Amino acid sequence: MTAPAPQQETFRTLLRSQKVWDTELPAFDAAHAPAEPLPLFHAWFASAVAAGQPEPHTMQLATVAEDGGPDVRTVMLHDADEHGWHFATHASSTKGRQLAARPEAALHFYWAAQGRQIRVRGRVTTAPHAESLADLHARSTGALAAALVGRQSEVLSSYEELAASSATAWERARAEPDADAPTWTLYVLDPVEAEFFQGDAQRRHVRLRYRRGDGGDGGDGWVKELLWP
């Protein structure tokens, strides 16, 4: 067997030296979890903020690519309410086109400060354009400028082209804080399943899954069940 290259061995040594959850982890009594996932998400989000978790509002968005394979990227959570989990992007972007072709997605939050993960899966719908714009205008000038640049996922000829387009967009965003971004779209994921994972130092992780009832014995609400880690 060929020995690994020195840089590969250095990487493996560095990788295996990393610690997981090098902090005191909170307890999670799933028996006292609420009947629906949204209140638990709100509580865990507030707890992550209080624990100093960097950027707890970032999440991984997984969609189905044109070839049927998976695709994933990190996006920002815009809201989580009775309608679902909200995020936004250009309808003309890669993920926008993927969602138009197959409006299903999965979200993943990882909050290492408390050893917690949350997975949410469901169908995705688009909000009316007026609602999408209201959401955009409630954010920062930089967010509006980025939306005005547009052309997300298109091939870029040079960084200088991006810098020039960005400068123009920033100027417009400052002058027109209510400017329209025609392709900017707010999406809402209506969950059919949500899983809450609480890590444990002895690997006795607690996994609580909520799934929509099918109208049978479980009714039309949420069914809660524990999963083996």
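Residues numbered from 1 in each chain as written. Predicted model: local features only at pLDDT ≥ 70, side-chain atom pairs only at ≥ 80, totals over all residues. Heavy atoms only, no water.

A.B. asks: It is not clear to me how the overall build of the protein should be interpreted in this structure. Could you clarify?
C.D. replies: On a plain count of helices and strands, the protein comes out with six helices and nine strands. Taking the principal axes of the C-alpha coordinates as reference, the protein spans close to 60 × 55 × 40 Å. The buried share of the protein, reckoned over its 229 residues, is 36%. In the protein, of all internal contacts separated by at least 6 residues, the share reaching a separation of at least 24 is 62%. Of the charged side chains in the protein, 22 are positive and 30 negative, and the gap between their average positions amounts to 7 Å. (Helix = DSSP H or I, 4+ residues; strand = E, 2+ residues; numbered from the N terminus. Buried < 20%, exposed > 50% of the residue type's maximum accessible area, 1.4 Å probe, protein only. Contact = heavy atoms within 4.5 Å. Lys, Arg positive; Asp, Glu negative; His and termini not counted. Charge placed at Lys NZ, Arg CZ, Asp CG, Glu CD.)

A.B. asks: Just to check I follow, could you spell out the pairing of strand β7 (residues 184-198) for this structure?
C.D. replies: On any regular strand, side chains alternate: one points to one face of the sheet, the next to the other face. Most of β7 is tucked away, with 13 of its 15 residues classed as buried. Both strand β4 (residues 84-90) and β7 contribute to a ladder of six bridges, which runs antiparallel. Residue pairing for β7: H86 is matched across the bridge by V188. Pairing of strand β6 (residues 116-126) with β7 involves eleven bridges; the strand directions are antiparallel. Residue R123 lies in a different strand from β7, and its bridge partner there is D190. The sheet contact formed by β7 and strand β8 (residues 206-212) spans six bridges and is antiparallel. Note that in β8 the partner of F196 across the bridge is L208. (Pairing = 2+ DSSP bridges.)

A.B. asks: Explanation requested: the nonpolar core in the structure shown.
C.D. replies: Nonpolar side chains in soluble globular proteins tend to be buried together. Counting residues in each nonpolar core, the largest one holds 30 residues, and the members touching the most others are F41, W85 and F109. Every element with two or more residues in this core is listed here: α2 (37-50), β1 (58-64), β4, β5 (104-111), β6, β7 and β8. The element contributing the most residues to this core is α2, with five residues. Residues contacting F109, with those up to four places away along its chain left out, are F41, P56, T58, M59, L77, W85, R116, Q117 and I118. The next biggest cluster of nonpolar side chains, apart from the first, holds 15 residues, and it includes A88, L133, A179 and W184. (Core = buried A, V, L, I, M, F, W, Y, C linked by side-chain atoms within 4.5 Å.)

A.B. asks: Hey, could you run me through the pattern of salt bridges in this one?
C.D. replies: Pairing is possible between side chains of opposite charge, provided their charged atoms come close. Evaluation of the coordinates by the stated rule reveals eleven salt bridges. Ionic pairing is found between E104 and R102, a salt bridge with its closest N-O pair at 2.9 Å. On the basis of relative accessibility, which here comes to 43%, the residue R102 falls in the partly exposed class. Residue E225 pairs with R209 through a salt bridge whose shortest N-O separation is 2.8 Å. Separated by 16 residues along the polypeptide, E225 in strand β9 (residues 222-227) and R209 in strand β8 bring together distant segments of the chain. For R209, a relative accessible area of 22% gives the class partly exposed. Connected via shared salt-bridge partners are R119, E195 and R207. (Salt bridge = Lys/Arg side-chain N within 4 Å of Asp/Glu carboxyl O.)

A.B. asks: How should I be thinking about α2 in this particular structure?
C.D. replies: An α-helical turn contains 3.6 residues, so a residue and the one three or four places further along point in the same direction. In a regular helix each residue adds 1.5 Å, so 14 residues correspond to 20 Å; α2 covers 20 Å between its end C-alpha atoms and thus fits that length. Of all the residues in α2, the buried ones are P37, L38, L40, F41, W44 and A48. On an axial view of α2, the arc spanned by its buried residues comes to 155°, and they lie on one face. Looking one or two residues beyond α2, the residue adopting positive phi is G52, at roughly 85°. (Expected span 1.5 Å × (residues − 1). Arc of directions from axis to C-beta.)

A.B. asks: Would you take a moment to explain the environment of R209 for this structure?
C.D. replies: As for R209 and E193, which are separated by 16 residues in sequence, their C-alpha atoms are 7.1 Å apart. Apart from the residues lying within four places of it in its own chain, the contact partners of R209 are E193, A194, E195, V223, K224, E225 and L227. A polar atom in the side chain of R209 sits 2.8 Å from the side chain of E225. (Polar contact = N/O pair within 3.5 Å; in protein donor to acceptor, adjacent residues only side chain to side chain.)

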